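# Examination of the molecular architecture
For reference, the chains in residue letters:
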Amino acid sequence: MMQRSLLPENSLPGGFRFAAVTAGLKPSGRPDFSVAVADQPASAAAMFTGNNVKAAPIHVGDRHLQRSGGRVRVVAVNAGNANCATGEIGMQACETVCAAAARTFGAEGHEVFPSSTGIIGVPLPAEKLVAALPEVERQLAGTTENFAAFANAILTTDTRPKVAHALVSVGDRTVRIAGVAKGAGMIHPQLVPHATMLVYVFTDAAIEPAELNTLLHDAVEVSFNRISIDGDTSTNDTVLLLASGASGAAVDAKHPAFRAALQDICTSLAKQIVDDGEGVTHVVELQIEGATSDADALKVAKAIAHSPLVKTAWAGSDPNWGRLMAATGYSGAQIEPERIAIWLGEQQICINGGRVPDFDKQRAHEYLKNREYTIRIDLGIGQGKCRFWTTDLTEEYVRINADYST
């Protein structure tokens with residue numbers, strides 16, 4: 001069936017082909033095997049989960065990138081099985097798929113980058129993925145429709161694909177960037193350069209792997225490392241950035257327009273993940289300022305974003321700002337309580353650490369009924385700040401995760 005395009009025409013980076021097929025891993029019978037193939041070895045940079053329990057494809061992908069010197073020909077992503085906590089059998093299954101993909105597409109085994117998402121602790125049926133490779137090869141094409149198919153097949157509990165794109169002028173040439181992501185639960189990435197959230201960003205700029213690493217690290221810090229749905233860090237979190245060089249336009253890590261476009265794409269994908277969170281009815285942007293450092297501001301944001309009391313209050317549109325104060329207090333950040341001020345949107349509700357004299361509880365309640373809103377907290381003791389995106393915690397989230405494996 002033809003997949004509806006998620007990108008405008010002429011926005012897809014050159015040098016890549018995409019396909020998605022049904023390998024039989026998802027109980028639903030929907031497509032569950034996405035593959036991207038670079039016409040030539042593409043420069044690559046990746047960041048992986050900070051969880052000490054890592055899925056087999058994390059270990060294999062990291063090892064392959066080191067062996068190839070940061071070059072990738074094939075990206076192979078399966079949904080429906082995380083291939084995590086599967087021991088040596090899981091590692092062998094991952095390597096089997098990589099070896100078969102390398103043979104199919106004329107690549108070296110270490111030029112294949114694997115990813116998996118789905119249930120943890122279940123052996124990966126590698127034979128199903130290997131058997132699907134001929135159909136993948138038949139369907140491969142560099143079209144926006146195929147890119148859309150790739151984006152849809154990596155989904156698990158997501159309700160919709162996440163896609164973002166940008167065009168950047170580099171001299172007299174146009175560079176294209178397009179990214180795709182999945183994630184709706186188990187979202188609190190702690191990505192390290194060495195996310196379940198999977199992100200793949202493609203560009204046809206010519207960039208060396210070392211420069212690509214710098215660009216990716218800087219973009220991730222202000223986007224994927226600034227979101228949380230439930231506070232759980234997945235075993236499979238991955239962000240991969242590939243540059244084919246097909247545009248002929250050379251870019252380095254200091255190119256301002258490319259840096260800005262990449263950060264915009266990553267931020268867009270990160271916010272789309274939060275917006276599609278499991279059972280989410282409210283998306284909250286936390287603006288923390290006045291901290292002694294950016295790191296302290298982030299501590300406050302995470303304490304608030306991970307508080308069940310705060311998140312359930314948001315679910316009920318309850319302006320219980322005392323819970324914000326409590327989370328700020330135990331965050332580990334340096335604070336002076338009598339200096340704290342809090343706003344819900346434009347409405348100030350706390351001044352000098354206490355409730356404002358004219359606190360309008362009904363106005364605050366009505367504001368919190370919006371699906372998206374902003375909470376600003378000024379600690380009043382420094383210049384540190386951060387933005388962080390998170391969600392409420394609802395009964396629907398509990399329902400989805402109470403019977404996930406059954």
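What comes next is a walk through the structure.

Rules and cut-offs
Residues numbered from 1 in each chain as written. Predicted model: local features only at pLDDT ≥ 70, side-chain atom pairs only at ≥ 80, totals over all residues. Heavy atoms only, no water. Helix = DSSP H or I, 4+ residues; strand = E, 2+ residues; numbered from the N terminus. Rg over C-alpha atoms; globule rule 2.2 N^0.38 Å. Buried < 20%, exposed > 50% of the residue type's maximum accessible area, 1.4 Å probe, protein only. Areas by Shrake-Rupley, 256 points an atom, 1.4 Å probe, with all protein chains shown as cover. Lys, Arg positive; Asp, Glu negative; His and termini not counted. Charge placed at Lys NZ, Arg CZ, Asp CG, Glu CD. Contact = heavy atoms within 4.5 Å. 1 Å grid on protein atoms, 1.4 Å probe; cavity = no way out; pocket = protein on both sides within 12 Å on 5 of 7 lines; lining within 4 Å. Points joined across faces, edges and corners; volume = space filled by probe spheres on them. Nonpolar A, V, L, I, M, F, W, Y, C, P; charged D, E, K, R; others polar. Phe/Tyr/Trp six-rings, centres within 6.5 Å; stacked < 30°, edge-to-face > 60°. Lys NZ or Arg CZ within 6 Å of the ring centre and 35° of its normal. Pairing = 2+ DSSP bridges.

### What to know about the overall build of the protein chain
Helices and strands together make up the secondary structure of the protein chain, namely 11 helices and 14 strands. By the compact-globule yardstick of 22 Å for 406 residues, the protein chain fits well, its C-alpha radius of gyration being 22 Å. Once the C-alpha set of the protein chain is aligned to its principal axes, its extents read approximately 70 × 55 × 35 Å. For the protein chain, buried positions account for 56% of its 406 residues. For the protein chain, the exposed area adds up to about 16300 Å²; of that, 48% sits on carbon and sulfur atoms. Charged side chains of the protein chain number 35 positive and 44 negative; the gap between the two group centres comes to 1 Å.

### Quick word on the environment of Glu208
Position of Glu208 among the secondary structure elements: in the loop between strand 7 (198-203) and helix 5 (209-221). Separated by 40 residues in the primary sequence, Glu208 and Gly248 have C-alpha atoms spaced 13 Å apart. In this structure, Glu208 is in contact with Ser43 and Arg71, ignoring residues within four places of it in sequence.

### A short note on empty space enclosed by the protein
Any empty space left between atoms is shown by rolling a water-sized probe over those atoms. Space inside the largest cavity adds up to approximately 80 Å³. In this structure, the largest cavity is lined by 13 residues; those nearest its centre are Trp314, Asp318, Asn320, Trp321 and Leu324. Of all the elements in the fold, those that place two or more residues in the lining of the largest cavity are helix 8 (308-315) and helix 9 (322-330). With 3 residues, the top contributor of residues to the lining of the largest cavity is helix 8. Space inside the second largest cavity adds up to approximately 60 Å³. Phe33, Ala76, Asn78, Cys94, Val97, Pro114, Ser115, Ser116, Leu124 and Leu129 are the residues that line the second largest cavity. Of all the secondary structure elements, the ones that give two or more residues to the lining of the second largest cavity are strand 3 (71-79), helix 2 (87-105) and strand 4 (112-117). Counting residues per element, the lining of the second largest cavity draws most heavily on strand 4, which supplies 3 residues. Broken down by class, the residue content of the lining of the second largest cavity amounts to 7 nonpolar, 3 polar and no charged.

### Let's talk about the packing of aromatic side chains
Taken as a whole and judged by the stated rule, the model has 10 aromatic pairs. Their ring planes at 85° and their centres at 5.2 Å tell us that Phe18 and Phe147 sit as a pair that is edge-to-face. You can see Phe18 sitting in strand 1 (residues 16-21) and its partner Phe147 sitting in helix 4 (residues 144-153), a full 129 residues away along the chain. Exposure remark for Phe147: the relative accessible area of 0% places this residue in the buried category. These aromatic residues form a ring-pair network of at least three members: Phe16, Phe18, Phe147, Phe150, Tyr200 and Phe202. The positively charged end of Arg376 is found above the aromatic ring belonging to Trp343, 3.7 Å away from the centroid.

### Details of the pairing of strand 9 (residues 283-291)
Burial analysis of strand 9 places 7 of its 9 residues in the buried class, which makes it a mostly covered element. Two elements, strand 9 and strand 13 (residues 372-378), share 7 bridges in a ladder whose sense is parallel. Residue pairing in the sheet places Gln287 in a bridge with Arg376 of strand 13. Looking at chain direction, strand 9 and strand 14 (residues 384-391) are connected through 7 bridges and run antiparallel. Bridge pairing links Val284 to Thr390 in strand 14.

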